[in-house]
Amino acid sequence: MVVDYKDSKNKMKVKLIFPILMFCVTVFYLHATQIHGQSNNCDSSYPNVCISPAPPDLNCPDVPYNDFKVLPPDPHGFDLEGDGIGCESESR
Ligand SMILES: [Ca+2]
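Residues numbered from 1 in each chain as written. Predicted model: local features only at pLDDT ≥ 70, side-chain atom pairs only at ≥ 80, totals over all residues.

S.K.: Would you mind going over the overall build of the chain in detail, with residue names and values included?
M.R.: Helix and strand content of the chain: 1 helix and 2 strands. In the chain, the succession of α and β elements from N to C terminus is α-β-β. Looking at the 92 residues of the chain, the share that counts as buried comes to 10%. Of all intrachain contacts in the chain linking residues separated by at least 6 positions in sequence, the fraction that spans at least 24 positions is 23%. (Helix = DSSP H or I, 4+ residues; strand = E, 2+ residues; numbered from the N terminus. Buried ≥ 20, exposed ≤ 12 C-beta atoms within 10 Å, placed from the backbone. Contact = placed C-beta atoms within 7 Å.)

This is the structure we're talking about:
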């Protein structure tokens, strides 16, 4: 009877541990793919060009683009005056 009790307790543990383990593996996998995806990704604040998201914070000399569309939140601060155009080639 004691053995049976232990067995059912162990089965309970396995039943509990397995979903938790699967959850951890899934979370780790999603996290890893997200990090990998971001490294190749283009920031959605700059839809017409491909600039990787911050960090690291980039400045206009760091990117090969001028006069590109900038949408909020503009993490790199390419459009500091907020007219929607980043790294204007005609400086004031
Ligand atoms: Ca601007």
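S.K.: Which residues make up unusual backbone geometry, and what values go with them?
M.R.: With omega at -10 degrees, the peptide bond leading from alanine 54 into proline 55 counts as cis. For proline 55, the location among the structural elements is in the loop between helix H1 (2-39) and strand S1 (68-69). That bond from proline 55 to proline 56 is cis: its omega, 0 degrees, falls within 30 degrees of zero. Phi at aspartate 67 takes a positive value of approximately 55 degrees, unusual for a residue other than glycine. By the element assignment, aspartate 67 lies in the loop between H1 and S1. Even without a glycine there, the phi angle at aspartate 74 is positive, about 50 degrees. For aspartate 74, the location among the structural elements is in the loop between S1 and strand S2 (85-86). The class for aspartate 74 is partly exposed, based on 17 C-beta atoms found within 10 Å.

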